[in-house]
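The residues making up each chain are set out below.
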Amino acid sequence: MVTTEAALLTRGASQLYVSLGDTTNDGGVTARIYYKPLVLLIWFGPVLMAFGGLLSLSDRRLRVGAPRPAKALRGLQAAE
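Residues numbered from 1 in each chain as written. Predicted model: local features only at pLDDT ≥ 70, side-chain atom pairs only at ≥ 80, totals over all residues. Heavy atoms only, no water.

Visitor: I'm lost on the overall build of the protein in this one. Help?
Guide: Of regular secondary structure, the protein possesses 3 helices and 3 strands. The linear arrangement of helices and strands in the protein, starting from the amino end, is β-β-β-α-α-α. Across the 80 residues of the protein, 5% fall into the buried class. Across the protein, the fraction of contacts at a sequence separation of at least 24, relative to all contacts at a separation of at least 6, is 18%. Of the roughly 7400 Å² of accessible surface on the protein, 64% is carried by carbon and sulfur atoms. (Helix = DSSP H or I, 4+ residues; strand = E, 2+ residues; numbered from the N terminus. Buried < 20%, exposed > 50% of the residue type's maximum accessible area, 1.4 Å probe, protein only. Contact = heavy atoms within 4.5 Å. Areas by Shrake-Rupley, 256 points an atom, 1.4 Å probe, with all protein chains shown as cover.)

Visitor: Got a minute to help me understand the sheet that holds strand S1 (residues 5-11) in this structure?
Guide: Within a sheet, each strand pairs with its neighbour through backbone hydrogen bonds, oriented either parallel or antiparallel. Pairing is antiparallel in the open sheet, where 3 strands are placed in the order S1-S2-S3. Of all strands in the sheet, those bounded by a partner on one side alone are S1 and strand S3 (29-36). Averaged over all pairs of adjacent strands, the angle between their axes in this sheet comes to 15°, without regard to strand direction. (Pairing = 2+ DSSP bridges. Axes fitted to C-alpha atoms, helices over the stretch in contact; angles between N-to-C directions.)

Visitor: Can you walk me through the side chain of serine 14 in this structure?
Guide: Relative to the helices and strands, serine 14 resides in strand S2 (residues 14-23). Classification of serine 14 as buried rests on a relative accessible area of 11%. Polar side-chain contacts of serine 14 include one of 3.0 Å to the backbone oxygen of arginine 11. Setting aside chain neighbours within four positions, we find serine 14 in contact with Leu9, Tyr35, Lys36, Pro37 and Leu38. (Polar contact = N/O pair within 3.5 Å; in protein donor to acceptor, adjacent residues only side chain to side chain.)

Rendered as structure tokens:
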């Protein structure tokens, strides 16, 4: 059974994939090379979302309870 071998090289935020495949009729080997620039920035999205979730939990107005009425409404209620 024929299987492929793959190699991965990471440099900064980019990756280089090299995959060796089948042999050809004349004795050569098929190689596929993929260059994926900035592929490691895919992990930046979930990290940014988690940071935003933690930041939203730190807002005290959302944890205290019902919001207070606006100042204009308080003045109208006192006048009645």
